[in-house]
Amino acid sequence: MFAVSAVRIDPKDPLSGLELGERDEPAPRAGWTAVTVKAAALNHHDLWTLRGVGITEDKLPMILGCDGAGVDDDGNEVIIHSVIDPRDGKPSILTEAYDGTFAQKVLVPKANLVPKPAALSWEQAACLPTAWLTAYRMLFRNSGLRPGDTVLIQGAGGGVATAAIVLARAAGFRVWTTSRSEEKRARAVELGAHAAFASGARLPERVDAVMETVGAATWSHSVKSLRPEGTIVISGATSGAMPPAELTRIFFLQLRIVGSTMGSLDELKALARLCEATDVRPVVDSVLPLSEARTGFARMEQGEAFGKIVFTL
Ligand SMILES: NC(=O)c1ccc[n+]([C@@H]2O[C@H](COP(=O)([O-])OP(=O)(O)OC[C@H]3O[C@@H](n4cnc5c(N)ncnc54)[C@H](OP(=O)(O)O)[C@@H]3O)[C@@H](O)[C@H]2O)c1
């Protein structure tokens, strides 16, 4: 079958380890099912894998792709919860221990399947399991925000950030965001943000919570933008994981820093229901055939995307 794999690790030139070509179809396994992939979304996690973050060379070649939607062995239209929880080891997400979704077929535990929301296209459905699920948990489990509160979302153009903008707006929060790009700031406002600021700009007032995925480049701004006893929810550090700590401000203003990763199967089901019940729809930057995956990876690496890059089969 055709697949897109990581075959080499290179922290400086991640795309050099990307291979497009034929791989064996997955062998059947008790309790697991082969999903015929219709669409699969790209995540920054796939670039981290090519850079050797969260994986070691001995696990390669590894088929990439944490997100997917398709048709299971029984003909059901499904989305795949990417968190694999084997009884004999620690949980991982697809592409860490098991092959991912950038292939004609992907083998996953039957328990990881969620019915595809009929209201969503294949391309939209493929966006839910990683970036959108992560934004859902950040906002609705970990932020402590209530309708009417103000949230700052750093790095407006990202997959998690665009999800957070749409979900936060739907939840009745006042939504502020930052971006390095004027064009992305304008698009964020079109998407539902109440205001968009240049990265690092002083805000009109302090916010109740910050959704942080950018890391070193925005961390100080996140800490300084928060009201006393406010909450920063952090799930990523794209620009680096060693920012100035701002420790004095954190303890003096009694700020809460909450780590957040992915979400549960139940949260993914709730997110799917939210899409069915409302006009919330994943933000798709571009759709490419899987055979043109290299173009999509380059677009993400260069920080050009606004929303999710999706591959179709
Ligand atoms: N813990 C989890 O479960 C989990 C789940 C999903 C993602 N993540 C992590 O969260 C991060 C974001 O993921 P993603 O898929 O949303 O990535 P993405 O789509 O590539 O978005 C990254 C965004 O970060 C901003 N950015 C990057 N470098 C920046 C810099 N130097 N200064 C300011 N802003 C910068 C950009 O926003 P602008 O161009 O608009 O400024 C960019 O759009 C990644 O590190 C990923 O690994 C973690």
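Here is what the cut-offs are and how they apply
Residues numbered from 1 in each chain as written. Predicted model: local features only at pLDDT ≥ 70, side-chain atom pairs only at ≥ 80, totals over all residues. Heavy atoms only, no water. Pairing = 2+ DSSP bridges. Helix = DSSP H or I, 4+ residues; strand = E, 2+ residues; numbered from the N terminus. Axes fitted to C-alpha atoms, helices over the stretch in contact; angles between N-to-C directions. Contact = heavy atoms within 4.5 Å. Right-handed = clockwise from strand over helix to strand, strands pointing away. Buried < 20%, exposed > 50% of the residue type's maximum accessible area, 1.4 Å probe, protein only. Arc of directions from axis to C-beta. Polar contact = N/O pair within 3.5 Å; in protein donor to acceptor, adjacent residues only side chain to side chain. Core = buried A, V, L, I, M, F, W, Y, C linked by side-chain atoms within 4.5 Å. Domains from an automatic or database assignment. Salt bridge = Lys/Arg side-chain N within 4 Å of Asp/Glu carboxyl O. Patch = residues over 30% accessible without salt bridge, like charges linked within 9 Å, V, L, I, M, F, W, Y side chains within 5 Å. Areas by Shrake-Rupley, 256 points an atom, 1.4 Å probe, with all protein chains shown as cover. Near = heavy atom within 4 Å. Nonpolar A, V, L, I, M, F, W, Y, C, P; charged D, E, K, R; others polar. Buried area = accessible area lost by both parts, 1.4 Å probe.

Undergrad: Help me out: how do you make sense of the sheet that holds strand β13 (residues 195-198) in this one?
TA: In a beta sheet, neighbouring strands are held together by backbone hydrogen bonds and run either parallel or antiparallel to one another. Ordered by their spatial adjacency, six strands build an open sheet running β13-β12-β11-β14-β15-β16, and the pairing between neighbours is parallel. Across the chains shown, the open sheet's two edge strands, defined by having one partner strand only, are β13 and β16 (256-259). For this sheet, the mean angle separating the axes of adjacent strands, direction not counted, is 20 degrees. Two strands pair when backbone bridges link them, and strand β11 (residues 150-153) and strand β12 (residues 174-179) are joined in this way by four bridges, in the parallel orientation. Among the inter-strand pairings, Val 151 is bridged to a residue of β12, identified as Val 175. Here helix α4 (residues 159-170) sits on the sheet and contacts β11 and β12; the angle it forms with β11, its principal contact strand, is near 165 degrees.

Undergrad: Explanation requested: the pairing of β16 in the structure shown.
TA: Consecutive residues of a regular strand have side chains that alternate between opposite faces of the sheet. Bridge count between strand β15 (residues 226-234) and β16: four bridges; the pairing is parallel. Residue pairing in the sheet places Ile 234 in a bridge with Gly 259 of β16. With respect to chirality, the unit in which β15 leads through helix α7 (residues 247-252) into the neighbouring parallel β16 is right-handed.

Undergrad: Even after reading the chapter, I still don't get helix α5 (residues 182-191), so can you show me in this structure?
TA: Each α-helix turn comprises 3.6 residues. Residues three or four places apart therefore point the same way. All buried positions along α5 are accounted for by Lys 184, Arg 185 and Ala 188. Around the axis of α5, the buried residues are gathered within 105 degrees of arc, so they sit on the same side. Along α5, exposed side chains directed more than 90 degrees from the buried face belong to Glu 182, Glu 183 and Glu 190. Summarising the contacts, the buried residues of α5 are in contact with α4, β12 and β13. A side-chain oxygen of the first residue of α5 lies 3.3 Å from the backbone nitrogen of Glu 183; this N-cap is Ser 181.

Undergrad: Sorry, what's going on with the sheet that holds strand β2 (residues 18-22) here?
TA: Spatial ordering of the open sheet is given by β2-β1-β4, a layout of three strands whose pairing is antiparallel. Each edge of the sheet is formed by a strand with only one pairing partner; in this case those strands are β2 and β4 (62-63). Here strand β1 (residues 2-6) pairs with β4 via two bridges, running antiparallel. The residue of β4 that forms the bridge with Ser 5 is Ile 63. Running over the sheet, helix α9 (residues 293-301) touches β1 and β2 and is turned about 160 degrees from β2.

Undergrad: I'm lost on the nonpolar core in this one. Help?
TA: Across soluble globular proteins, you tend to see nonpolar side chains buried next to one another. One finds Trp 132, Leu 139, Val 151, Ile 153 and Met 211 to be the most contacted residues of the largest nonpolar core, which totals 45 residues. Broken down by secondary-structure element, the contributors of at least two residues to this core are β3 (32-41), α2 (122-125), α3 (128-140), β11, α4, β14 (207-212) and α8 (265-277). Per-domain counts for this core show at least three residues from each of domain 1 (2-127 + 282-312) and domain 2 (130-259). Apart from the residues lying within four places of it in its own chain, the contact partners of Val 151 are Leu 139, Leu 145, Ala 168, Phe 173, Arg 174, Val 175, Trp 176, Ala 209 and Met 211.

Undergrad: Is there a simple way to explain the pattern of salt bridges in this structure?
TA: If charged atoms from side chains of opposite charge come close, those side chains can pair. Tallied over the entire structure, the rule returns seven salt bridges. A salt bridge links Glu 267 to Arg 137; the nearest nitrogen and oxygen atoms lie 2.7 Å apart. Here Glu 267, found in helix α8, pairs with Arg 137, found in helix α3; they are 130 residues apart in sequence, far enough to count as distant.

Undergrad: Explain a nonpolar patch on the surface here, please?
TA: On the surface, a cluster of nonpolar side chains totalling about 410 Å² of accessible area is made up of Leu 247, Phe 251 and Phe 252. Relative to the helices and strands, Phe 251 is located in helix α7.

Undergrad: What's the story with the side chain of Asn 112 in this structure? I'm lost.
TA: Its place among the elements puts Asn 112 in the loop between β9 (105-109) and β10 (113-115). At a separation of 2.7 Å, a polar atom in the side chain of Asn 112 contacts the main-chain carbonyl oxygen of His 81. Discounting chain neighbours no more than four positions away, the residues touching Asn 112 are Ile 79, Ile 80, His 81, Ser 82, Val 83, Ile 84 and Leu 265.

Undergrad: Help me understand the site of the ligand in this model?
TA: Neighbouring the ligand are 24 residues; His 44, Trp 48, Ser 179, Lys 184 and Met 262 lie closest to it. With respect to the ligand, the backbone of Ala 156 contributes an N or O atom lying 3.4 Å from an oxygen atom. Ser 235 places a main-chain nitrogen or oxygen 2.8 Å from a nitrogen atom of the ligand. Relative to its free-state accessible area of 920 Å², the ligand is covered by the protein chains to the extent of 87%. Looking at the shell around the ligand, the elements that each hand over two or more residues are α1 (44-51) and α4. Looking at the shell around the ligand, its residues break down into eight nonpolar, 14 polar and two charged. Both domains that meet at the shell around the ligand, namely domain 1 (2-127 + 282-312) and domain 2 (130-259), each give it at least three residues.

Undergrad: Explain the domain arrangement of the protein to me, please; I cannot follow it from the model alone.
TA: Put simply, an interface is often sized by how much accessible area is lost when its parts join up. Along its sequence, the protein is carved into domain 1 (2-127 + 282-312) and domain 2 (130-259). Computed over C-alpha atoms only, the centres of domain 1 and domain 2 are separated by 27 Å. Contact with domain 1, which involves 16 residues of that partner, is made by 17 residues of domain 2. Both faces considered, domain 1 and domain 2 share a buried interface measuring about 1,200 Å² in area, 62% of it formed by carbon and sulfur atoms. Taken together, the links from domain 1 to domain 2 amount to four residue pairs in polar contact (both at pLDDT 80 or more). In the side of domain 1 that touches domain 2, the residues fall into seven nonpolar, six polar and three charged.

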